[in-house]
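Here is what each chain is made of, one letter per residue.
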Amino acid sequence: MEVKIETATIKTLDKLYQLEGECFDQEAFTKRQIAYLLTDYNTIAFVAKADGDIAGFIIAQVEVEENTEFGHIITINVAQTYRRKGIAKKLLHEIEVLLKQKGINECRLEVREDNHPAIKLYHALGYQTIGKLERYYGTKHGLFLKKIL
Ligand SMILES: CC(C)(COP(=O)(O)OP(=O)(O)OC[C@H]1O[C@@H](n2cnc3c(N)ncnc32)[C@H](O)[C@@H]1OP(=O)(O)O)[C@@H](O)C(=O)NCCC(=O)NCCS
């Protein structure tokens with residue numbers, strides 16, 4: 001299987017929305033939110049194509065706190081049939097490389113505290129749990145993670 005990472009454009013909106021719905025229920029972004037993200041100038045978004053088929057995607061934003069820019073992973077999704085093939089790892093790597101190229105040295109994200117696959121992925125890639133986010137996902141708690149790039 002050949003996996004290629006490409007910049008996500010608004011043309012992929014329908015497919016990304018479908019994948020977002022398959023991967024999340026209550027927490028899924030709406031189509032309008034994804035469309036906004038894909039067209040916002042602070043957004044970095046990639047799709048992973050497996051033999052030409054969109055198998056996953058990632059959306060991150062560049063944000064600023066106390067005059068320092070950092071990357072913020074907004075969402076990452078890999079279709080069920082393509083999981084455990086290193087696609088999420090590739091997508092995150094690509095975002096981190098781009099952030100570094102922009103001179104950005106930190107990447108942050110939030111994850112539901114019971115999302116063990118995602119937490120394992122982030123820890124494997126060097127993200128550290130910094131704190132807990134009480135009721136960040138409705139009744140469910142979240143974790144706040146950070147990586148120095
Ligand atoms: C989390 C998610 C993005 C992982 O995607 P993936 O392409 O399957 O992940 P990768 O194949 O790149 O996994 C890399 C490493 O992460 C860890 N990992 C990923 N999925 C895992 C799982 N189900 N159980 C345990 N560890 C897992 C492993 O360390 C894995 O390395 P290994 O396969 O060599 O053991 C995918 O499961 C998904 O889309 N989930 C639904 C959406 C979601 O929860 N997104 C994150 C929101 S914060």
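For the structure itself, look to the data block above.
Right, let's walk through the structure included here. The numbers attached to residues start from 1 for each chain and follow its sequence in the written order. Selection of residues for local features in this predicted model requires a pLDDT of at least 70, selection of side-chain atom pairs for listing and counting requires 80 or more, and totals for whole chains, interfaces and linings are taken over all residues. For side-chain calculations, the full set of non-hydrogen atoms in the structure is used, while hydrogens and water are omitted.

**Observations regarding unusual backbone geometry**
Inclusion rule: Labels follow the DSSP assignment, with helices taken as runs of H or I lasting at least four residues and strands as runs of E lasting at least two, numbered in each case from the N terminus. Think of it in three bands: with a 1.4 Å probe and only protein chains considered, a residue is buried below 20% of the maximum accessible area for its type, exposed above 50%, and partly exposed in between.
The phi torsion at Asn 67 lies on the positive side, around 65°, for a residue other than glycine. One non-glycine residue, Arg 135, lies in positive phi territory at about 50°. Note that Arg 135 resides in strand 6 (residues 128-137). Residue classification places Arg 135 among the exposed residues on the basis of a relative accessible area of 55%.

**A closer look at the site of the ligand**
The test is simple: Any residue with at least one heavy atom within 4 Å of a molecule or strand is counted as near it. Identification of polar contacts relies on pairs of N or O atoms within 3.5 Å, with a donor-acceptor requirement for protein atoms, meaning one able to donate a hydrogen and the other able to accept it, and with residues adjacent in sequence counted only if both atoms are side-chain atoms. The accessible surface values rely on the Shrake-Rupley method and a 1.4 Å probe; as for residues, cover is taken only from the protein chains in view.
Taken together, 20 residues lie near the ligand, and Ile 76, Val 78, Arg 84, Gly 86 and Asn 115 sit nearest. One of the backbone nitrogen or oxygen atoms of Ile 76 is found 2.8 Å away from a nitrogen atom of the ligand. Lys 85 is positioned with one of its backbone polar atoms (N or O) 3.2 Å from an oxygen atom of the ligand. Protein chains bury 77% of the 920 Å² of accessible surface belonging to the ligand in isolation. Only strand 4 (68-78), helix 3 (87-101), strand 5 (106-112) and helix 4 (116-124) provide two or more residues apiece to the shell around the ligand.

**What about the nonpolar core?**
Inclusion rule: The nonpolar core is taken to be a set of buried Ala, Val, Leu, Ile, Met, Phe, Trp, Tyr and Cys residues, with the residues joined through side-chain atoms within 4.5 Å. In this description, contact between two residues means that some pair of their heavy atoms is separated by no more than 4.5 Å.
Grouped together as the largest cluster of nonpolar side chains are 45 residues, with contacts concentrated most on Leu 92 and Tyr 122. Looking at this core element by element, the count peaks at seven residues for strand 3 (residues 53-65). Residues in contact with Leu 92, not counting those within four places in the same chain, are Ile 58, Ile 73, Ile 76, Leu 121, Tyr 122, Leu 125 and Tyr 127.

**So, the pairing of strand 7 (residues 140-148)**
Test applied: The rule for pairing is simple: two strands pair if DSSP sees at least two bridges between them.
As judged from the seven bridges shared by strand 5 and strand 7, these two strands associate in the antiparallel manner. Looking at strand 7, one finds that Glu 106 is bridged to Ile 148. Here strand 6 runs beside strand 7; their pairing, made up of six bridges, is antiparallel. Looking at the pairing, Gly 131 lines up with Phe 144 of strand 7. What sits between strand 6 and strand 7 in their antiparallel hairpin is a turn of two residues, with Gly 138 showing a positive phi close to 65°.

**Structural notes on the pattern of salt bridges**
Note the cut-off: Salt-bridge detection follows one rule: a side-chain nitrogen of Lys or Arg within 4 Å of a carboxyl oxygen of Asp or Glu.
By the definition in use, this model includes 10 salt bridges. The closest approach of N and O atoms between Asp 14 and Lys 31, which form a salt bridge, is 2.7 Å. Placement of Asp 14 in helix 1 (residues 13-23) and of Lys 31 in helix 2 (residues 31-39) is noted, with a sequence separation of 17 residues between them. Accessibility expressed as a relative area gives 35% for Lys 31, which makes it partly exposed. A salt bridge links Asp 114 to Arg 112; the nearest nitrogen and oxygen atoms lie 2.7 Å apart. The exposure class assigned to Asp 114 is partly exposed, which follows from its relative accessible area of 29%.

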